[in-house]
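Chain and residue survey
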Amino acid sequence: MARRGRGADEGEGATGSVSERLLFAEIPYAEPMPVSLPAARPGLQPLPPDGVAPIPIPATKPVIRSRSRIRRPSLPGIRRSIATAAGLELDRGIAFLLVPVFLALGVIFYFSLASEPDFAKPIAVVLLMALCAVVSRSWRNPHLCFTAALLCALGVLAAKVETWRAGTQMLGSEIQTRLTGRVASLDLMANNRIRLTIDVNSTAHPTLRYAPERIRVSARKIP
């Protein structure tokens, strides 16, 4: 077997000795890298040398009475507040939600009248309010007022139409008159009386201006 030569051992020893010298060689001086510390927060003070932090005492504020904070209401301020709130609600679209409210106000006004108006008056008011609403389109506040009045007038007209459509003629008080009509039906009652349903053709002695179209009368006996 071949043995390692003496030259090889000397080479390894030389390499090892060189490496050990390098470990103990003097290292050149290098300046330390600057360390950035966090910036101190405003209002915080460093601790004193003894390590006891002082307790801050809150500053006393003057006592303000509630009466001084409450302002007296003024008429111009109330007007500005109402105008601002109304403009905000109009921008949100509340005007469309008020349409049935004004229609209902017109209906209530119609049924609260002491006498029954004819068709000419509600129609004239509706046409007048519609004309005013069209003319005042350039001015916002008058246009809104005339539009609300137009809706109320339409409510009055709608109530008038509904009353005319479902109107029933009624006698205001008891009255004796002579009827001429056609017997529509005969019914025998439990007390042996006969109920007659008569379609009225005419009245006399006196003549009724608003005679009913059909009546029901009872009689003890009939021909």
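Everything numeric here is computed off the predicted structure, so don't read it as measured data.

1. Concerning the environment of Arg220
By secondary structure assignment, the location of Arg220 is in the segment after strand 3 (214-219). Look at Arg220 and you get exposed, because its relative accessible area is 71%. Not counting the four nearest positions on each side in its chain, Arg220 is found in contact with Asn192 and Arg193.

2. Topic: helix 7 (residues 140-165)
With 26 residues, helix 7 extends 37 Å from end C-alpha to end C-alpha; this agrees with the ideal 38 Å at 1.5 Å per step. Restricting attention to buried positions, one finds in helix 7 the residues Ala148, Leu150, Leu151, Ala153, Gly155, Val156, Leu157, Ala159 and Lys160. Taken together, the buried residues of helix 7 touch helix 5 (99-111) and helix 6 (120-135).

3. So, the packing of helix 5 against helix 7
Axis separation between helix 5 and helix 7 bottoms out at 7 Å; the angle between their running directions is 55 degrees. As judged from the angle between their axes, helix 5 and helix 7 are oblique. In terms of crossing hand, the pair formed by helix 5 and helix 7 is right-handed. Contacts between helix 5 and helix 7 involve Val99, Phe102, Leu103, Leu105, Gly106, Val107, Phe109, Tyr110 and Phe111 from the former and Ala148, Leu151, Cys152, Leu154, Gly155, Val156, Ala159, Lys160 and Thr163 from the latter.

4. Quick notes on the pairing of strand 2 (residues 194-204)
Where strand 1 (residues 178-188) lies against strand 2, ten bridges are found, and the strand directions are antiparallel. Residue pairing in the sheet places Leu188 in a bridge with Ile194 of strand 2. Counting the residues that bridge the hairpin from strand 1 to strand 2 gives five residues, and of these Asn192 lies at a positive phi of roughly 65 degrees. For strand 2 and strand 3, the ladder comprises six bridges, and the chain directions are antiparallel. By the bridge assignment for strand 3, Thr197 is matched with Arg216.

5. Some thoughts on the nonpolar core
Ile194, Leu196, Ile198, Val200, Ile215 and Ala219 form the largest nonpolar core, which has six residues in total. At four residues, the largest contribution of residues to this core is made by strand 2. Contacts of Val200, omitting those with residues within four sequence positions, involve Leu179, Thr180, Gly181, Pro212, Glu213 and Ile215. Ranked by size, the runner-up nonpolar core spans five residues in total, among them Val126, Met129, Ala153 and Leu157.

6. Quick look at unusual backbone geometry
Residue Pro206 is reached from His205 by a cis peptide bond, and omega for that bond is -5 degrees. By secondary structure assignment, the location of Pro206 is in the loop between strand 2 and strand 3. Even without glycine at this site, Asn192 takes up a positive phi of about 65 degrees. The backbone phi angle of His205 is positive, close to 55 degrees, even though this residue is not glycine. Its location among the elements puts His205 in the loop between strand 2 and strand 3.

What counts as what
- Per-chain numbering applies: the sequence of each chain, read as written, is numbered from 1 onward.
- Since the coordinates come from a predicted model, pLDDT governs what is reported: local features require at least 70, and pairs of side-chain atoms require 80 or more to be given and counted, while whole-chain, interface and lining totals use all residues.
- The side-chain numbers reported here are obtained from all heavy atoms of the structure, hydrogens and water having been left aside.
- Think of it this way: any DSSP run of H or I at least four residues long counts as a helix, any run of E at least two long counts as a strand, and we number them from the N terminus.
- Exposure classes here rest on a 1.4 Å probe applied to the protein chains alone. A residue is buried below 20% of its type maximum, exposed above 50%, and partly exposed in between.
- By the convention used here, residues are in contact when the closest approach between their heavy atoms is within 4.5 Å.
- Multiplying 1.5 Å by the residue count of a helix minus one yields the expected span of that helix.
- Each axis is a line fitted through C-alpha atoms, taken for helices only over the stretch in contact, and angles between the N-to-C directions span 0 to 180 degrees.
- An angle below 35 degrees is treated as roughly parallel, one above 145 as roughly antiparallel, one from 65 to 115 as roughly perpendicular, and anything else as oblique.
- Handedness of a helix crossing follows the sense of rotation of the near helix relative to the far helix, less than a right angle counterclockwise being left-handed and clockwise being right-handed.
- For two strands to be treated as a pair, DSSP must find no fewer than two bridges joining them.
- For our purposes a nonpolar core is just a set of buried Ala, Val, Leu, Ile, Met, Phe, Trp, Tyr and Cys residues, chained together by side-chain atoms within 4.5 Å.

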